[in-house]
Protein chains: 4
Amino acid sequence: MRTSQTVEVTGHLMDNGILSRVLDDIRDHGGDYVIDRFDVGHEAHDPSRARITVQAEDEAALERLLMRLQTRGVNQLDPGEAATATADRDGVLPEGFYATTNLDTRVRLGGAWYEVENPEMDCGLVVLESPDARPRVRTVPMSDVRAGMRVVVGAAGIRVTVPAPGPGDTSSTDDPFGDRPQVVLVRQVADGMRQAREQGKRLLWVAGPGVVHTGAAPALTALIGAGFVDTLFAGNALATHDIESALYGTSLGVDLTMSQGLEHGHEHHVRAVNTVRRAGSIAAAVADGTIASGIMHALVTHRKRFVLVGSVRDDGPLPDVHTDVVEGQRAMREEIDGVGYCLMVATQLHSVATSNILPASVPVVCVDIDPATVTRITDRGASRGRGIVTDVGLFLEQLALELVPDYRRS
Amino acid sequence: MRTSQTVEVTGHLMDNGILSRVLDDIRDHGGDYVIDRFDVGHEAHDPSRARITVQAEDEAALERLLMRLQTRGVNQLDPGEAATATADRDGVLPEGFYATTNLDTRVRLGGAWYEVENPEMDCGLVVLESPDARPRVRTVPMSDVRAGMRVVVGAAGIRVTVPAPGPGDTSSTDDPFGDRPQVVLVRQVADGMRQAREQGKRLLWVAGPGVVHTGAAPALTALIGAGFVDTLFAGNALATHDIESALYGTSLGVDLTMSQGLEHGHEHHVRAVNTVRRAGSIAAAVADGTIASGIMHALVTHRKRFVLVGSVRDDGPLPDVHTDVVEGQRAMREEIDGVGYCLMVATQLHSVATSNILPASVPVVCVDIDPATVTRITDRGASRGRGIVTDVGLFLEQLALELVPDYRRS
Amino acid sequence: MRTSQTVEVTGHLMDNGILSRVLDDIRDHGGDYVIDRFDVGHEAHDPSRARITVQAEDEAALERLLMRLQTRGVNQLDPGEAATATADRDGVLPEGFYATTNLDTRVRLGGAWYEVENPEMDCGLVVLESPDARPRVRTVPMSDVRAGMRVVVGAAGIRVTVPAPGPGDTSSTDDPFGDRPQVVLVRQVADGMRQAREQGKRLLWVAGPGVVHTGAAPALTALIGAGFVDTLFAGNALATHDIESALYGTSLGVDLTMSQGLEHGHEHHVRAVNTVRRAGSIAAAVADGTIASGIMHALVTHRKRFVLVGSVRDDGPLPDVHTDVVEGQRAMREEIDGVGYCLMVATQLHSVATSNILPASVPVVCVDIDPATVTRITDRGASRGRGIVTDVGLFLEQLALELVPDYRRS
Amino acid sequence: MRTSQTVEVTGHLMDNGILSRVLDDIRDHGGDYVIDRFDVGHEAHDPSRARITVQAEDEAALERLLMRLQTRGVNQLDPGEAATATADRDGVLPEGFYATTNLDTRVRLGGAWYEVENPEMDCGLVVLESPDARPRVRTVPMSDVRAGMRVVVGAAGIRVTVPAPGPGDTSSTDDPFGDRPQVVLVRQVADGMRQAREQGKRLLWVAGPGVVHTGAAPALTALIGAGFVDTLFAGNALATHDIESALYGTSLGVDLTMSQGLEHGHEHHVRAVNTVRRAGSIAAAVADGTIASGIMHALVTHRKRFVLVGSVRDDGPLPDVHTDVVEGQRAMREEIDGVGYCLMVATQLHSVATSNILPASVPVVCVDIDPATVTRITDRGASRGRGIVTDVGLFLEQLALELVPDYRRS
């Protein structure tokens, strides 16, 4: 029997194509709709608001569709109360679980709204109760589900909010990145980083080995020294090529083959990895003087944090690398809190992985010479990710010139 | 004190640029050289042979250089005897270890030559002795080194052989792939697969989610059914998208966003993963009828093997996925023996990972719409990898038309 | 003094982002706006309609802005009467000329509306009067303006219409190209071509040398023979490589260097060009038996039309090539009338040139392995262009299998 | 009847793969060979020398093959005397004409060797005789052939020389571009330009509209002012976008659509073109103050030369644009003499066109963000072209910082 529900969505609906995607979703699920009301903002920065009655062929189909729509920021007009079910085994969510977005999310339980503490995409929502405190709601990735957890099911009682563009921020309405030359973009990124730092936020970098191959290691090292890197997410390759360069000299560490990202067939890097494995850790190799320069050296000596997660193509890997990717994701999650700006440079794998766990409210800039990588990061629904297709080496050089006093001027 | 050694290299030295790379290596290491002799083949298929005296500033530098050259197939004229050292701790090779290529390799111990049983790149060589049998020599990846292992150090006593082009094979001298239209290439790949199968060799596929997104799953499923896939290497994404498509129907499983490889922001796939996790394994979900079609279904029902290895961007992942990448590499290595043809389709990560462990003697064809991926796989020194930049969907469609009787003709 | 005008736009405003671009234009011109009304379609295929009051700082600025908006399909609510000015010199449009779109356009003169006969982008509108007939309005490219012509100035009295998606057509609302596997896309293109032919429309192809390099010449030749090519637009390179292949055999005509589009350094093609120059024309070389096969041979023997236009990198060129690009554009314009379907294959230069002169109402499919070329053609405001990123060789092979009975089956 | 000839080739035969291509050519032509002698250089910079006896099935086939080989720098051991034939009609070379390379070339006539005055690819060689002076030999493009010209036929009596790497130059043996980070590459290009200028050579730039879109116009303008641009080759698009930006302000001139190279659908540029057409020429529009800034303004005010050649996709075009491409090529040829360094930036069409007419001895650097464009320019046999895949905007910014005192420091 056909059934329906009225939903609402607010935001820059026309600019970012959200409404179009919403309507596509409805059709894809075999549903139908009537647009009851559409209020468009009069001015450029005014948000629009749509009210839509959605129909589906039965309750189950409607439920699936409503959950789907919520990943676009579409809420039920009458949210109702969240329903929950108990996980019956470790690592498995209950049937009909609510799949999260990384938007700011609230859950209604017993008539009260609770903020989800750590918005993250494609997780479940677990309700943590304690006898003497109010309940808390957190996202939980599938692999961290434990039997007995109380998990939200269905789309009722949930409300998500698309982030409003802040001052100095980059809404898609008047995107300063779409129509500015590269030199101006560098300055805007520098401003964004300074601003986040002034607000006491942490700066997260995600970087691939291209940073080393394009000769940008000195620039990144200077930025670490000047306090513009709080945490680095990377893989075995970035750290290995950086350390190889520190151990054997620049001329060996940068060649054309490597710049194409070929980690193998170049035995120097396995010797570098072996040397660090012998030392026990990157920090130990820095401490005993084996590693005396480079990005990893700067992170260790300036007491900055880094999370290295392995991949199936790694050699070694370095002793600091999380070889279990689920453990690696957990380690990354622990670094997310307090991040106020995220720069993703020359890596698709780790950029996607970071986008998965980063709240939509954190500004993200993705820099890569490959447009496909940039599109993949920035084309993620309601996120605040912005992309710059450019040369990573020259970009970081300019960024260091902007941010680090006396860089290259000595 | 300057010291020198005379080395030899044989093969199609001019065609594949090996000699040029060898001379570059010597200069890069601060060495010097005199070409003592250069015999060039008179006919197209004749190999050339060069004898070069290499100089370096001291014994240690010379040793490093000689090991480097051996990754190009350059052997010492007087090989001498292999030296060994004992690994003093787990996961660490001894100083000065010999870093392997994936070329056919022999080691001289006590005046006798021993074939390396499992050539693989960037490993150590371990000598396995038993009281009542002749010694065996195997490659060992760094992470599998155990204290007490006897490991080859230095470049003495080692001889590598660049694979000679076989009949029906593709030397770079008369590369049938460089100058043929796409339709002809499909036929040649089909012939290569038939030939390998007739010789009792196994067919290894390495595939990315692009196979599902381009609509090639029916073609690959048909090829599995017809016996042209013995083992599949892939990641969580291929299997998840394939199963998602089986569970929720094609129209949901293939959209433009996904075709750009975006695994997130599309909650269907996390429901698919959760469903399989509940079943316990892909095979269990096939057995209980949950998964009734698609690539993974075909592999299970035709009792073919697959190895899925995770990455840091995975959701879930599926219960069959190796979340530890080093464990995943071990599982892949166990499937390498007997492989006679390898097709790499629409994945850079897993293709590079497979190239790392595959002997250079196995013919490899890499098919991708992105030239960068193809170059990365085929530009690996002496390997027999060949690349085809084309549309994966149409390529597999044509391949199924060639190999599977009655495909699409019913 | 600030002044304003109320405008209207109708269509799938949210789906295709037109409204967003309209608002951007207003801001870019330093204007302001109030959205007076926004009626959104209730159903998927219902068009939306927006009424916007636009402000600018003075009349001149407003006029410029209104003309800009009309390139998006935005009309003045009260269109008024068109104003005209007389061109005062050859090749120059009067100040303030109305710059055309390729949308269906009507002009109001003396209270009556006149259809523009040949919509084309970035031209002027000339009013042709005769004493005994009603006036006609045509687009005129800048280079064809003659002193004394009466040309429309300003945006008043003009109304443009965004094409409505027809049956079997591809609106962006439910784009069958975005989410379908390649094999299905081939079938849809075949259907579109059959349909246009059944309606008595002509089929226009625009092709680059990649058609020859990917081995697709036999497929295109078969399609010509079967009546699926009425006119071909190309450059010197396609024709030369095709003829070179006909003269010297396939093995010479297709090599990897050429497949990268390198026309020089390969002296065979200059010999081919010289041979045709000696014959006097391609048709003459076909008539005297010099050219006995290939695409150009098929066009000549089946009496199909072709327009070849030169470029600065050409050798020769062939005698049939228009070396003057403005003359070449004129020759192309003469072939546009009656075209009902246009396939653009493996050429960016000629595809852009054709898009410039083709009315927005003609369905266009652009096929290329390079996503940048496809985006450039399909990302053109209100046009009905659709893109397929795929291998040209395999695509045309499949298309010939769909459309030509017994192709490859003999 | 099989016939043979002995040929010689000298140079860095292994490094650049020339010998491999030579042997491929022989096989492609159905020929056979014996390598009589191969002398390899002992040291890195020593050239190698090969002597090869080439066989073909008859004299005509041998002649074709020998002419083909000469495009690789392969000369006959016994050169003999050049044969000539008389062109019998305008625009057509005699049968069997010698097709030129752009290598340094000498022709033997009456026992004496004559230097070809203007090496250019894919032309004929015309012998100019005068009663009272020694003969001269010049290349003549097919379209400039006139009946009665005496043209060299066959491969006898011709000797070509592959350029030897000069000091500070970039041989492929130790290519400073292959393995250096981007910041270093900028410095090397700056050095090459300074050096050429000090030697009294002229600096040729070839540029596409990407220079304007990436915001590099101020950098290029500064380089013109500082004397680092003597001649600019470009198309209608670069000049139009630059002038549009000068007329209407930067914010209008740079948007994302344009940065993808879309010249149409953006009516500002047609207004800019019309304005210049009204003025009569770019120089006139500068003189009357209409154009007051930008690249074209700088060229005119600093009395530098430019050649603009049209293409089929042009609007307008500007009055200075050569609409006839053959005329355009002639205008370009007149600027080649004395060029000592050529920088090609962000244009494939004009870069290929320039490569066609530039002697192989002129150092060329091609800068583009698209690897395919760079490969196409640098992959041209024996030329001295080097490629840099990078962001054009940031590259020119850094180049101006290197070369122009006080750039951006005021």
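Residues numbered from 1 in each chain as written. Chains lettered and ligands numbered in written order. Predicted model: local features only at pLDDT ≥ 70, side-chain atom pairs only at ≥ 80, totals over all residues. Heavy atoms only, no water.

**Structural notes on the domain arrangement of chain A**
Residues and elements named next belong to chain A.
- Taken domain by domain, chain A comprises domain 1 (1–78), domain 2 (79–162) and domain 3 (182–403).
- Roughly 1100 Å² is buried in total at the junction of domain 1 and domain 2, and carbon and sulfur atoms are behind 53% of that figure.
- Here domain 1 and domain 2 share zero salt bridges between them.
- Taken together, domain 1 and domain 2 are joined by seven residue pairs in polar contact (both at pLDDT 80 or more).
- Of all the elements in the fold, those that place two or more residues in the side of domain 1 that touches domain 2 are β1 (3–11), α2 (59–70) and β4 (75–76).
- Counting residues per element, the side of domain 1 that touches domain 2 draws most heavily on α2, which supplies four residues.
- For the side of domain 1 that touches domain 2, a count of residues per class yields four nonpolar, six polar and four charged. (Domains from an automatic or database assignment. Buried area = accessible area lost by both parts, 1.4 Å probe. Salt bridge = Lys/Arg side-chain N within 4 Å of Asp/Glu carboxyl O. Polar contact = N/O pair within 3.5 Å; in protein donor to acceptor, adjacent residues only side chain to side chain. Helix = DSSP H or I, 4+ residues; strand = E, 2+ residues; numbered from the N terminus. Nonpolar A, V, L, I, M, F, W, Y, C, P; charged D, E, K, R; others polar.)

**Description of the interface of chain A and chain B**
- Contacts between the two partners involve 62 residues from chain A and, on the opposite side, 61 residues from chain B.
- Summing both partners gives a buried area of about 5700 Å² for chain A against chain B, and 52% of it is carried by carbon and sulfur.
- The largest contributions to the chain A side of the interface with chain B come from R271, R278 and V312 of chain A, which together make up 14% of the buried area.
- For the interface between chain A and chain B, the tally reads four salt bridges.
- Note that E95 of chain A is salt-bridged to R278 of chain B, the shortest N-O span being 3.6 Å. (Contact = heavy atoms within 4.5 Å.)

**Some points on helix α14 (residues 371–378) of chain D**
All names here are of chain D.
- Along α14, the residues classified as buried are T373, V374, R376 and I377. Projection of α14 onto a plane perpendicular to its axis shows the buried side chains occupying an angular sector of 160 degrees, all on one side.
- Sitting at the head of α14, D370 places a side-chain oxygen 3.0 Å from the backbone nitrogen of A372. (Buried < 20%, exposed > 50% of the residue type's maximum accessible area, 1.4 Å probe, protein only. Arc of directions from axis to C-beta.)

**Describing the side chain of D391 of chain B**
- On the secondary structure map, D391 of chain B appears in the loop between β17 (385–389) and α15 (392–403).
- In terms of polar contacts, D391 of chain B uses its side chain to reach the side chain of Q182 of chain C, at 2.6 Å.
- If we skip the residues at most four places from it in the chain, D391 of chain B touches I369 of chain B together with Q182, V389, T390, D391 and L394 of chain C.

**Structural notes on the pattern of salt bridges**
- Across all of its chains, the model carries 72 salt bridges over all chains by this definition.
- Two residues, D88 of chain B and R278 of chain A, come together in a salt bridge whose shortest N-O distance is 3.1 Å. In this pair, D88 of chain B sits in the loop between β5 (83–86) and β6 (104–109) while R278 of chain A sits in helix α9 (residues 268–279), so the two residues belong to two different chains.
- In this structure, the salt-bridge partner of R37 of chain C is D39 of chain C, at a minimum N-O distance of 3.1 Å.
- One connected set of salt bridges, linked through shared partners, spans E8, R49 and R51 of chain A.

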